[in-house]
Amino acid sequence: MTLDGQVAVVTGGTRGAGRGMAVELGAAGATVYVTGRSTRREASPLGRRETIEETAELVTEAGGCGIAVRCDHMDPQDVRALAARIEAEQDGRLDILVDDTWGGDQWIEWKPLWEHDLDKGLQALRNGLETHLITLHTLLPLLVRRRGGLVVEITDGDDMFNDRYRGSMFFDMIKVALTRLGKMLKDELDPYEVTSVSLTPGFLRSEEMLEHFGVTEETWRDGIAKDRWFAISETPRYIGRAVAALAADPDRARWSGQALSSGVLAKHYGFTDLDGSQPEASRYFAEVYFGDKKDADVADYR
C-alpha cells in the first residue's frame with residue numbers, strides 16, 4: 001500500500017484521530033498538510049500541549065512529508081490561504097481531504113435543549129459543523145479539478161449509534177450532520193470521480209481520553225476497572241490505517257456515500273491496530289451495550 005506522490009490535508013490534525021490519520025497517511029508515503037490552531041508559539045483555546053508541528057514531525061518520521069499549517073477553519077480567509085499554499089507548493093494537487101475539525105466538547109451540555117446554554121450550543125455548531133462546510137467549500141475545487149480523489153468526513157458514531165438520540169441536541173445534530181455530509185456529497189462528487197465517505201472511530205484512546213482514565217497507552221488496560229467498555233477501545237492509528245487503506249484502494253468508489261467505521265474497514269482490508277487486534281466497537285456496542293449479550297467476552301470483538 002503506497003501513497004507516494006499523493007497530497008493530503010488533515011484538518012484538526014493536532015491530536016487524537018487527526019494525528020493518527022496524518023501519521024498513517026505519512027507512513028504510506030503521502031505529503032500531509034496538518035492543520036490546526038495549536039502551535040509551539042500559540043496554544044489553541046483548548047490549552048492542550050499537543051501541536052501541529054509535532055504531528056507534522058511524526059508524519060515525516062513515519063516516511064511521509066509533514067507540513068504544519070496554522071489554520072482556524074472557522075475563518076474562511078485562513079482556509080483560502082491554505083488552498084493558495086497548496087496551489088503554490090503542489091501545483092494545486094490535492095488527492096485526499098480528511099475533514100476532522102471538532103473541538104466542541106467544551107460547549108456541550110448534557111441536558112434538555114431548553115436548558116442548554118444557547119450561546120454554547122450555537123458555538124458548538126459553528127465549531128463542529130460550520131468549519132467542515134467552510135473547508136469543503138474552499139478545498140473541494142482542488143479535488144474536483146484533479147478528479148479521482150477522496151473526501152473523508154470524520155464523525156462520532158455510525159448509523160447504528162446515530163439512529164439513537166446522543167444525549168444532547170446540539171451534539172446529536174453535529175454528529176448526524178457530519179455523517180450526512182459524507183453521504184450526500186456523493187451526489188455532487190460522483191461526476192468528478194471523487195469518492196466521499198463518513199468515517200468514525202470506535203472508542204478512541206485519544207490523549208485526552210487516556211488522561212481522563214489516568215492511564216498511558218502502555219497501561220491503558222488499567223482503565224477497564226473504571227469503565228468496562230474501555231476494553232473495546234482503539235488507538236488513533238487504527239482510524240488512520242482505515243483512511244490510508246481507503247486512499248490506496250483503486251476501487252474505493254465502491255464505498256462512496258457510505259457511513260463507515262474503522263472496525264468495518266479493518267475487517268475488509270485486513271489491517272490491525274498497533275497491538276495486532278481488530279477492535280469491532282460498533283458490533284460490540286450493538287450486541288453487548290445495546291443488545292442482550294451482556295456477558296459476551298470482549299476478546300471476541302477484538
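A few points on the structure.

Parameters at a glance
One numbering rule holds for all chains: residues counted from 1, following each sequence as written. For a predicted model such as this one, the threshold for reporting local features is a pLDDT of at least 70, and the threshold for listing and counting side-chain atom pairs is 80 or more; totals across whole chains, interfaces and linings nevertheless cover every residue. The side-chain numbers reported here are obtained from all heavy atoms of the structure, hydrogens and water having been left aside. Only runs of H or I of at least four residues qualify as helices and only runs of E of at least two qualify as strands under DSSP, and these elements are numbered from the N terminus. Here the globule rule is a power law, 2.2 Å times the number of residues to the power 0.38, and the radius of gyration is based on C-alpha atoms. Residue contacts are counted whenever heavy atoms from the two residues lie within 4.5 Å of one another. Every accessible area reported is derived by Shrake-Rupley at a probe size of 1.4 Å, with residue values counting cover from the shown protein chains alone. Only protein chains enter the accessibility calculation, which uses a 1.4 Å probe; a residue whose area is less than 20% of its type maximum is buried, one above 50% is exposed, and one in between is partly exposed. Positive charge is attributed to Lys and Arg, negative charge to Asp and Glu, and no charge count is given to His or to the chain ends. Whenever a carboxyl oxygen of Asp or Glu lies within 4 Å of a side-chain nitrogen of Lys or Arg, that contact is scored as a salt bridge. Each polar contact in these results corresponds to two N or O atoms within 3.5 Å; when the atoms are within protein, one needs to be able to donate a hydrogen and the other to accept it, and residues that are neighboring in sequence are counted only if both atoms are side-chain atoms. Buried Ala, Val, Leu, Ile, Met, Phe, Trp, Tyr and Cys residues form a nonpolar core when they are joined through side-chain atoms within 4.5 Å. Pairing between strands is defined by DSSP: at least two bridges between the two strands are required. Lines fitted to C-alpha atoms define the axes, with helix axes restricted to the stretch in contact, and inter-axis angles between N-to-C directions lie between 0 and 180 degrees. Oblique is the label for any angle not under 35 degrees, not over 145, and not in the 65 to 115 range, which are roughly parallel, roughly antiparallel and roughly perpendicular in turn. Crossings are classed by handedness, with left-handed meaning an anticlockwise turn of the near helix from the far one by less than a right angle and right-handed meaning a clockwise turn. Classification used: nonpolar for Ala, Val, Leu, Ile, Met, Phe, Trp, Tyr, Cys and Pro, charged for Asp, Glu, Lys and Arg, polar for all others including Gly. Orienting the strands away from the viewer, one traces the path from the first strand over the helix to the second; a clockwise path indicates a right-handed crossover.

Check the secondary structure of the protein chain and you find 10 helices and seven strands. Radius of gyration (C-alpha) of the protein chain: 18 Å, near the 19 Å computed for a compact globule of 302 residues. Projected onto the principal axes, the alpha-carbon positions of the protein chain cover approximately 55 × 45 × 40 Å. When contacts within the protein chain are restricted to residue pairs at least 6 apart in sequence, long-range pairs at least 24 apart make up 70% of them. A total accessible area of about 13,300 Å² is found for the protein chain, and carbon and sulfur atoms account for 49% of it.

Looking at where Asp 172 falls in the secondary structure, it is placed in helix H6 (residues 169–189). Salt bridges are absent for the buried Asp 172, whose nearest opposite-charge side chain, Arg 166, sits at 5.9 Å. From its side chain, Asp 172 meets the backbone nitrogen of Arg 166 in a polar contact 3.0 Å long. Other than its neighbours up to four places away in sequence, Asp 172 contacts Arg 164, Tyr 165 and Arg 166.

Now for the nonpolar core. One finds Leu 25, Val 32, Ile 96, Val 98, Leu 199 and Leu 265 to be the most contacted residues of the largest nonpolar core, which totals 34 residues. In terms of residue count, the dominant contributor to this core is helix H8 (residues 236–248) (eight residues). Formed by 33 residues, the second largest nonpolar core is a distinct cluster that contains Leu 82, Trp 102, Phe 171 and Val 194.

We now examine the pattern of salt bridges. Considering all chains together, one arrives at 26 salt bridges under this definition. With a shortest N-O distance of 2.7 Å, Asp 95 and Arg 93 are connected by a salt bridge. Between Asp 156 and Arg 166 there is a salt bridge, with the nearest N and O atoms lying 2.9 Å from each other. Taken together, the residues Asp 156 in the loop between strand E5 (150–154) and helix H5 (159–162) and Arg 166 in the loop between H5 and H6 connect sequence positions 10 residues apart. The partly exposed category is assigned to Asp 156, whose relative accessible area is 33%. Classification of Arg 166 by relative accessible area gives buried; the value is 15%. Residues participating in the shared-partner salt-bridge network are Arg 15, Arg 48, Arg 49, Glu 50 and Glu 211.

Bringing the sheet that holds strand E6 (residues 195–200) into the picture now. What the seven strands build is an open sheet, ordered E3-E2-E1-E4-E5-E6-E7; its pairing is parallel. Each edge of the open sheet carries a strand with a single partner, namely strand E3 (65–70) and strand E7 (259–261). Each strand of the sheet is rotated relative to its neighbour by a mean of 20 degrees, with strand direction disregarded. The sheet contact formed by strand E1 (residues 7–10) and strand E2 (residues 31–36) spans four bridges and is parallel. Paired with Val 9 across the two strands is Tyr 33, which belongs to E2.

Okay, the packing of helix H1 (residues 16–27) against helix H2 (residues 52–62) next. At a minimum axis distance of 7 Å, the contact between H1 and H2 shows a crossing angle of 25 degrees. Viewed along their axes, H1 and H2 adopt a mutual orientation that is roughly parallel. Here H1 runs over H2; the crossing is right-handed. Contacts between H1 and H2 involve Arg 19, Ala 22, Val 23, Gly 26 and Ala 27 from the first element and Glu 54, Thr 55, Leu 58, Val 59 and Ala 62 from the second. Grouping the constituent residues of the contact of H1 with H2 by class yields six nonpolar, two polar and two charged.

In terms of residue burial, E6 counts as a mostly covered element, since six of its six residues are buried. Going residue by residue along E6, you find Thr 195, Val 197 and Leu 199 tucked away on one face and Ser 196, Ser 198 and Thr 200 tucked away on the opposite face as well. Here E5 pairs with E6 via five bridges, running parallel. Bridge pairing links Val 151 to Ser 196 in E6. Of the strand pairs in this sheet, E6 and E7 are connected by three bridges, and their pairing is parallel. Within the sheet, the bridge partner assigned to Leu 199 lies in E7 and is Leu 260.

The next point concerns the pairing of E3. Looking along a regular strand, one sees side chains alternate from face to face of the sheet. Pairing analysis gives six bridges linking E2 to E3, with the strands arranged parallel. By the bridge assignment for E3, Thr 31 is matched with Cys 65. Viewed along the sheet, the connection from E2 through H2 into E3 turns out right-handed.

Read these as layout, nothing more, since geometry by itself doesn't imply function.
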